[in-house]
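# Observations on the model geometry
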Amino acid sequence: MVKLKRSIISLTIFCLTLTLFGGVSEVSAQGNSPSANQFTQMDSINTNWAIDQTIPESYQMTAENETYILYVDHDTLGFKVVDKRSGYVWHSSLDEKLEEDKLNKSWEAFAKSGISINYLDSKAASKRISITNAEHELIVTPIDMGVECKLTFTDFGISLSMILKLEPDGVSIEVPFDLIQETNPAFRLAVLHLYPFFGATRGGSVPGYMFIPDGAGSLIRFADTTKARNMLYYRYYGQDLGMLGRVPWDPSVNPPYIISLPVFGMVHGYKQNAFITVIEEGASYAEIQAHPSGILTNFNFIYNAFIYNQSYFQPTNRAGAGVTTIQQQPNRYDVKMHYRFLTQDESDYVGMAQNYQRYLVDKGILKKTVQSDMENIGIRLEFLGAEKEKVLLWTRSIPVTTISQMEGILKDLQVHNPEVIYYGWQPQGAASMPPRSLKIDNSLGSSEELLTLANSIFANGGNLYLYYDPQAALIGEGGYSKRYDLAMAITIVELFGYHRGKANNYLNVDALNSNYSSLTQDVQNYEPLGLALDEIGYNLYSDFKSGNFLNREDAIQRYREIIADSWNSLAFYSPNAYMYDFMKAYFDMPVSNSGYIYTTDVVPFLQIVLAGYVPFYGKALNFSSDIKMDLLRHIDFGVYPSYFLTHEPTARFLKTNSNWIYTSAYEQWGQEVKDTYVWMNALLAPVIGEEITSREVLQPGVVATTYANGKQILVNYTDKTVLIEGTTVNALDAAIREVLP
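Residues numbered from 1 in each chain as written. Predicted model: local features only at pLDDT ≥ 70, side-chain atom pairs only at ≥ 80, totals over all residues. Heavy atoms only, no water.

### Looking at the overall build of the protein chain
What the protein chain contains, in helices and strands, is ten helices and 44 strands. Taking 27 Å as the expected radius of gyration for a compact globule of 741 residues, we find that the protein chain reaches 27 Å, a close match to that expectation. Once the C-alpha set of the protein chain is aligned to its principal axes, its extents read approximately 75 × 70 × 45 Å. Each of the 741 residues in the protein chain was classed as buried or not, and the buried ones make up 60%. The distance from the centre of the 57 positive side-chain charges to the centre of the 80 negative ones in the protein chain is 4 Å. (Helix = DSSP H or I, 4+ residues; strand = E, 2+ residues; numbered from the N terminus. Rg over C-alpha atoms; globule rule 2.2 N^0.38 Å. Buried < 20%, exposed > 50% of the residue type's maximum accessible area, 1.4 Å probe, protein only. Lys, Arg positive; Asp, Glu negative; His and termini not counted. Charge placed at Lys NZ, Arg CZ, Asp CG, Glu CD.)

### Notes on the sheet that holds strand β31 (residues 497–499)
Strand order in the open sheet formed by three strands is β30-β32-β31, with antiparallel pairing between adjacent strands. With partners counted over all chains shown, the strands left at the sheet margins are β30 (472–474) and β31, one partner each. Geometrically, the sheet is characterised by an average inter-axis angle of 55° between neighbouring strands, direction not taken into account. In this sheet, strand β32 (residues 502–506) lies alongside β31 in antiparallel orientation, the contact comprising three bridges. Bridging from a neighbouring strand, Tyr498 pairs with Ala503 of β32. (Pairing = 2+ DSSP bridges. Axes fitted to C-alpha atoms, helices over the stretch in contact; angles between N-to-C directions.)

### Observations regarding the sheet that holds strand β25 (residues 379–384)
In spatial order, the strands read β37-β35-β34-β33-β29-β28-β25-β38; together these eight strands make up an open sheet with parallel pairing. The open sheet has two edge strands, β37 (616–618) and β38 (642–645), and neither has a second partner. For this sheet, the mean angle separating the axes of adjacent strands, direction not counted, is 25°. Inspection of the sheet shows strand β35 (residues 585–589) paired to β37 by two bridges, in the parallel sense. The partner of Met589 across the bridge, within β37, is Gly618. Packed on one face of the sheet, helix α4 (residues 403–413) meets β25, β28 (418–423) and β38 and runs near 150° to β25. (Contact = heavy atoms within 4.5 Å.)

### Side note on a nonpolar patch on the surface
On the surface, Leu392, Leu393 and Trp394 cluster together into a nonpolar patch covering about 440 Å² of accessible area. Take Leu393: it is sitting in the loop between β26 (386–391) and β27 (394–399). A relative accessible area of 84% places Leu393 in the exposed class. (Patch = residues over 30% accessible without salt bridge, like charges linked within 9 Å, V, L, I, M, F, W, Y side chains within 5 Å. Areas by Shrake-Rupley, 256 points an atom, 1.4 Å probe, with all protein chains shown as cover. Salt bridge = Lys/Arg side-chain N within 4 Å of Asp/Glu carboxyl O.)

### Looking at the packing of α4 against helix α5 (residues 447–459)
Put simply, α4 and α5 touch, their axes get as near as 10 Å, and they point 15° apart. Here α5 runs roughly parallel to α4, going by the angle between their axes. When you trace α4 past α5, the crossing you get is left-handed. Contacts between α4 and α5 involve Ile403, Met406, Glu407 and Leu410 on the former and, on the latter, Glu449, Leu450, Leu453 and Ile457. Residues that form the contact of α4 with α5 fall into these classes: six nonpolar, no polar and two charged. (Parallel < 35°, antiparallel > 145°, perpendicular 65-115°, else oblique. Left-handed = near helix turned anticlockwise from the far one by under 90°. Nonpolar A, V, L, I, M, F, W, Y, C, P; charged D, E, K, R; others polar.)

As far as function goes, none of this settles anything; it's purely spatial.
So this is what it looks like as structure tokens:
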């Protein structure tokens, strides 16, 4: 319980009731109930449960440090960790099948084995085998603080080595690629399953949940049954376009969020025991496999599977005939992952996020961004500069927001610390390829005018960025060679996808590097002008073009090298974790998850990880389908506002590729932007640069988020006014107060 200081600040939305919410006061009945899975549910401490804590004689004590003791079974490669702070024992495998367990022989072997694999035969058929149900040779050698294991599945000629070690924060596991062997040409290693039953629980016998970094963050609470019908697969960093060839696209369907953080977790008893698993190497070829109780077994379990070889369909003629075959070369990468254990008060999703934040900081991946104005929050304002439309046999540029018009809008808004993005600045506008040097469409103004505006914005605590997608090769446009510059899928077709209303191929890394380096070198002459990078932070594809082969792990390294060579001020749209050390700001921060029916909660895991280090901005609020709830989630999660604006009405560019911008005219949205900023600034400015230390659902639909400086933000998602320890929070409103721990 917190103690209140005398000073309490309460803020209401009274001035925004009509402008922001259009006079609507009723909560939508569809999906907006605080009990729905798009909200966080209440937790309570429940100690009325037990899980087997015995360590069978087959487990040998292997290593010990100040915090943990490691035991290893040399026959199954199972391990157990005793947390000396609490005495809790973590199990990596199932020791004994109970009569009520719904496990056939294959699943029992899977549960009892530290390692299982899927292999592919000569017909590209996949089958799973485990240590405890397949002929094998296993050599376990003690090393400092752990063991090194060499495992061979003798019937299939597949060998690998694993290093298991105790470390200060838990346990690390490594699988070096160079020690993987495939000696029987009839079989290939497809998938490596590492400790699938680590932390597994039966049904609802343990109060707790699985955490998955979907969107802002998702929980799947333990229960005896689930709405899911299959195991849940989440590929880190999204699907590989190099294996797919093209991305299915339906403008009426919102795609799921990309899993941008290589981490998952599990809680055994709220505020009692928890762990997170972090992949340090190999995440681009890994996927989370989550299994809620009630699908195929009565167990809840979650783990990482690592993909080495995949089958794919290779067309052989234009009629669609073809064969299913296996990739010629395996995915080459090392695996390194960590189990990090939490206890007592840190054992919830907040503690998981804080632990992962410390991991990123210790690795030098997450760095504090210096903010010149600590009195006011930022706001992201993206402007469409120019587009082009077809007129008879040629095209012409349509100026939508000129530089001078953008300057006028910013002066009228009078907001602090604006993060301004200029989209469609290049000749012929947004539907044209960006040039290799800074060239502004003639109808918008000059580069000198742009520099003057950049300096003005910078003096007001903000930044001006040019929107840039360095991966996209816009179909039908010039500026690249179809023969030399495009990445290829494994099926020998050009990669294809859609983004921002345009059909794209995608550049190979050499062409990307050439274009990016040329443009950034020129933009550096216009400091403080920066770049807002789209796609390159989250669209990770392999390239199978002959002579240019690049797998996903190597692509990460090349992208990082390319970006590290430029000193431009950089912001990223929805970046994956491997880009965090380059970003000055995070754009398009999610405030929900993908909406899968089997998840039980949305939690701000991603926001807690970044809070206090990097400012983050949500998606454009003028495109929100439920602006009322989205604004409350912005406050709850500490997300700064964003808007997409134009000087011209949307009818002016309705027949262009930018018709996805369906409402943006400043004349329509200007007052709303001002009112939103004033309201959000009053609530979030007192916690600028502060880390989130706790978040608690006080009652259904009422959430308290506490920051390191003692400020606490209360958000009321319900349609009734609530009183929280002397602080009144109106219906569908928020308040801030000062508390002491």
